[in-house]
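Architecture and fold: a report
Below, each chain spelled out in residue letters.
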Amino acid sequence: MYSLGFQKVDETNERVGAKALNLIKMKKRNLPIPDGFVIQTEALKSYLEWNQINLQMDNIQERVLHGEIPIEIETDLIEAFKNLRNSYTSVAIRSSSGAEDLEGASFAGQYETYLNVKSTEEFLSKVKACWASFFTERVEQYTQNMYADFDEVSMGVVVQGLIQSDISGVIFSQNPVTNNTKEIMINASYGLGEAIVSGLVTPDVYLVNKQTLEIDKEKGLKEMKIIPLVEGVQEIETTEDEQHKFCLTEEKIIELVEITKQVESLYQHPVDIEFGIQENKVYLLQARAITTLAEENNLTPFQKDISLSFEDMEEFWVLNDTSFSHAVSPLYASFIVPAFAEGTGSSFRKLKFMFDKLDLKLYQGHIYTRMVPYQGDFNKRLKENKELMESLYPILTKRMNKIIKEQFLPYYNKLDKFTKENLNLQRGKEIVQNLADFYKTAYDLHFDIVMPQMSLNTKVEELYKTLTNKESRHNVYELLTGKMNKSLEIDRHLSKLALTVKGNSELTEIFQEKCTENLLKKLEENKAGESFLTELDTFLKQYGYRGVVSHDFTGETWLENSLYALSIISGYVKDGYDFDENFEHTVKKREQSYKDLLTHIEDGEHKEEFKKYYQWALDASVIRDDHHFYIDEMLDAKARLFLLQLGNLLVNYNVFQVKEDIFFLYLDELESLLDNPRDMNKLIEERKEKHSEHQQMSSLPRYFGTPDPAQLKEAERYMGAIEENNTNSETSIKGLASSSGTYTGKVKVILNTEEFFKLEKGDVLVCKTTTPLWTTLFQTAGAVITDAGGILSHSAIIAREYKIPAVIGTKIGTNKLKDGDMVTVDGTNGIVTLVNE
């Protein structure tokens, strides 16, 4: 039998083609699919054999169009066609390739569709036309581009009762423009759907929030429509009334959304759907995976495990743009995602914390976070946590330093030795696995260090609020400035190197050079310059383990390229910056503010309690930047240097062309290559191109799932604002008040370290977020505005250290503002006002 009715097709039957299987899958779940039958792929193969057509011939398409259908095939097909015509006025005939609509190879639009077919003669003619369409040059080229084996691809044909649509359209279960999985996009117009699919009309566009069902509408021109005639179809102009109103009612939009959710749930990934509405009843005509939106279609179990799945998206995951402001490389994701889950799980158990763990996962190259709540006796756990934290508060900094000395520094010494080894493949694999294991240990210790400090800060906030009746959290943290930490220590050394330059006339002359590369050459050619470079080298050996791309392996370290530090020193020379003078002022201001606060607080038990906890918090205030230097930065930097050596080894085995290509492999791929080296150049180039696309994404879902208010509040405590403030206007942006004061100045949007040179004295620094690497910009900036971060983010902490106003976590700063805009930054109230004329 060459034809099979939809009800008789097994969902595993590959001989009907992917489009047919999609329709049958939905039909069997009682979704509104018009009835029909499938001409199996064997029919085409038999047809080719009967007509002695092979793939090596010229003009295959013409031969197929004009061949003779064997009588046994013709009889079978005509019977199926007549049975279907008993229920429908006419039919639609569409190709159904073995590769079409499969994940990773969507052949949408590559084959022919025929509408309003009524006679048996026309039916048989259109079946042959569908078969012939497979052999067109554009389809052959497409199959080759999609890595399909052209000789093996086969063609089925779907014959379906034609829905004489009054309205038709296409639904995307994930917004194809922004990739926002929380939005459904519906394109709709009048008549049969080919007008939209073929781009003949400008349809109405409806964006619908899946959770709230809020609808945004954009009216299209709907210039014409395709209608069925007695024979064939006709294009006619729509009426003025049709053009000036929306073609879908809100009730019908909601109905389409609910059906789409069912289809998406069935497929477990985003889909696009063609639909038609006849006499107010909705019919689904086609459905397929949105393969162009799929991150990667052939993920290994390990890669799937570290990536957000469709099922994951039903839960509350937040875009972690505070710690990971950029798309991360596959290899870094392979290390950090498991490290976070296992590390936080272990640490939170020891600390009796109110969450089981923090999960990280990858979506379009970006990191999303989910907090997994504690499932046991909440009150008991809270009591245990409180008792444990009280015992740790007085020793937090001492405890951190002990952990770093006993756990991290010895491992770094080992890693340095690994980097200098004459590696072979097996030894490289052993060290990689050892490094991946240490990342899990490192993030156990990382959260062991930072979580008690966060708990202490919360305690001080609560006491401050009780004593002063003030809600302003940033006022508390301004009392914790003026304590030397690693970021400030680095800035201090850079400032001293700048003072060395200013104290030497030869060096001062050399540093007039604006091009950093030329500056380095001039220093190398001068005796005083050589002495200065020796000092710089000493500085880099101590402080150079920081990458220009934070939280990734892809960016050079300062140790590898001295131009980064040299550029900062050059800026300090130009600006006349003196760190010690600024820091002394910060210390004095903090001491005076604390003294003023105490004079306004009534003596008593609460005041003494506040003083005790405040001193502990002041002592622990160094933890944020010190742990970042020794754990977040140094571990990634030293891991990078080792992995580059391993990359060199794989270059020698012709796996890829340059050592940095190693960062675009996943960990399981790397381990496999160390067992069996093979050419990965093509895959690497694809990954690098995809990584570049991810880096340039300006709009990502800020979270998945439907959080309740408590979940949102908890997430915002650790990661800052999740949604843009709804009081924003054309001239005003709201964020978190993070560092007091008001400043008016010119905007400079800095998106990465390569743009540091743009910032001039007094500019308002606008960026996604900052890390300790960005600390050196704060002495230049007049104020700071960030997209991401909270009151305890690096941006907020360092802005307070440098006494410059800061508004943090605006979510839209880098998109809304542009270089040259004049803004007033009110860091006391968390408001940015555009003051352009």
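As a starting point, this report considers the structure included with it. (Residues numbered from 1 in each chain as written. Predicted model: local features only at pLDDT ≥ 70, side-chain atom pairs only at ≥ 80, totals over all residues. Heavy atoms only, no water.)

Considerations on the overall build of the protein
We count it as follows: Working definition: helices are DSSP H or I runs of at least four residues, strands are E runs of at least two. Numbering for both runs from the N terminus. Exposure categories follow from relative accessible area, calculated using a 1.4 Å probe and restricted to protein chains: below 20% of the type maximum is buried, above 50% is exposed, and the middle band is partly exposed. Note on contacts: a residue pair qualifies if any of its non-hydrogen atoms lie within 4.5 Å across the two residues. Under the convention used here, a 1.4 Å probe and the Shrake-Rupley method define accessible areas, while residue burial counts only the protein chains that appear. Residues scored as positive are Lys and Arg, those scored as negative are Asp and Glu, and His as well as the terminal groups of each chain are ignored. For the purpose of locating charges, the reference atoms are NZ of Lys, CZ of Arg, CG of Asp and CD of Glu.
Secondary structure summary: the protein contains 28 helices and 25 strands in total. C-alpha atoms of the protein, sized along the principal axes, occupy 95 × 60 × 60 Å. Put simply, the protein has 837 residues, and 57% of those count as buried. Long-range contacts, defined as pairs at least 24 residues apart, comprise 68% of the intrachain contacts of the protein with a sequence gap of at least 6. Summed over all atoms, the accessible surface of the protein reaches about 36700 Å², with 47% contributed by carbon and sulfur. A distance of 6 Å separates the average location of the 94 positive side-chain charges in the protein from that of its 131 negative side-chain charges.

What to know about the sheet that holds strand β23 (residues 806-808)
Our working definition: Strands are labelled as partners when DSSP assigns at least two bridges between them. Helix axes are fitted to C-alpha atoms over the stretch in contact, other axes to C-alpha atoms as well, and angles between N-to-C directions run from 0 to 180 degrees.
Read from one edge of the open sheet, eight strands run β18-β25-β24-β20-β21-β22-β23-β19, paired in mixed fashion. One side of each edge strand has no neighbouring strand; the edge strands of this open sheet are β18 (732-734) and β19 (736-739). Neighbour-to-neighbour, the strand axes of this sheet turn through a mean angle of 30 degrees, independent of strand direction. The sheet contact formed by β19 and β23 spans three bridges and is antiparallel.

Concerning the pairing of strand β5 (residues 155-161)
Here β5 lies mainly inside the structure; seven of its seven residues are buried. As paired strands, strand β2 (residues 36-39) and β5 are joined by four bridges and run antiparallel to one another. Residue isoleucine 39 lies in a different strand from β5, and its bridge partner there is valine 157.

Here's the deal with the pairing of strand β22 (residues 783-786)
Side chains Ala783 and Ile785 of β22 all project onto a buried face; the interleaved residues Val784 and Thr786 project onto the opposite face, where all are buried too. Here strand β21 (residues 764-767) runs beside β22; their pairing, made up of four bridges, is parallel. By the bridge assignment for β22, valine 766 is matched with isoleucine 785. Where β22 lies against β23, two bridges are found, and the strand directions are parallel. Pairing of valine 784 across the sheet is with alanine 806, part of β23.

Some points on the sheet that holds strand β17 (residues 703-704)
Overall, antiparallel pairing links the four strands, which are arranged β15-β16-β14-β17 in an open sheet. Both edges of this open sheet fall to β15 (355-363) and β17, since each of them pairs with a single strand only. Relative to β17, strand β14 (residues 317-319) runs antiparallel, the two being bridged by two bridges. Across the sheet, valine 318 pairs through a bridge with tyrosine 703, a residue of β17. Sheet contacts for helix α11 (residues 330-351): β15 and β16 (366-373); angle to β15, the most-contacted strand, approximately 170 degrees.

Some words on the packing of aromatic side chains
Just so we agree on the cut-off: Side-chain rings of Phe, Tyr and Trp, where Trp is taken by its six-membered ring, are said to pair if the distance between their centres is within 6.5 Å; with planes under 30 degrees apart they count as stacked, over 60 as edge-to-face, and otherwise as tilted. Throughout this description, the term charge over a ring refers to an Arg CZ or Lys NZ atom that lies within 6 Å of the ring centre and within 35 degrees of the ring normal.
Using the criterion set out here, one finds 34 aromatic pairs in the structure. Ring centres 3.8 Å apart and planes at 10 degrees place the aromatic pair tyrosine 411 and phenylalanine 438 in the stacked group. Of this pair, tyrosine 411 sits in helix α13 (residues 396-420) while phenylalanine 438 is found in helix α14 (residues 425-468), placing the two residues 27 residues apart along the sequence. Note on tyrosine 439 and phenylalanine 553: the rings are 6.4 Å apart at their centroids and 85 degrees apart in plane angle, and the pair reads as edge-to-face. One end of the pair, tyrosine 439, is in helix α14; the other, phenylalanine 553, is in the loop between α19 (527-543) and α20 (563-575), with 114 residues separating them in the sequence. What makes tyrosine 439 buried here is its relative accessible area of 0%. Grouped by ring-pair contacts, the aromatic residues Phe324, Tyr332, Phe335, Phe340, Phe348, Phe353, Phe355, Tyr439, Tyr443, Phe447, Phe553 and Phe663 constitute a single cluster. Positioned above the aromatic ring of phenylalanine 246 is the side chain of lysine 217, whose terminal nitrogen or guanidinium carbon lies 5.2 Å from the ring centre. Above the plane of the ring of tryptophan 558 lies arginine 546, whose end atom (NZ or CZ) is 5.0 Å from the centre.

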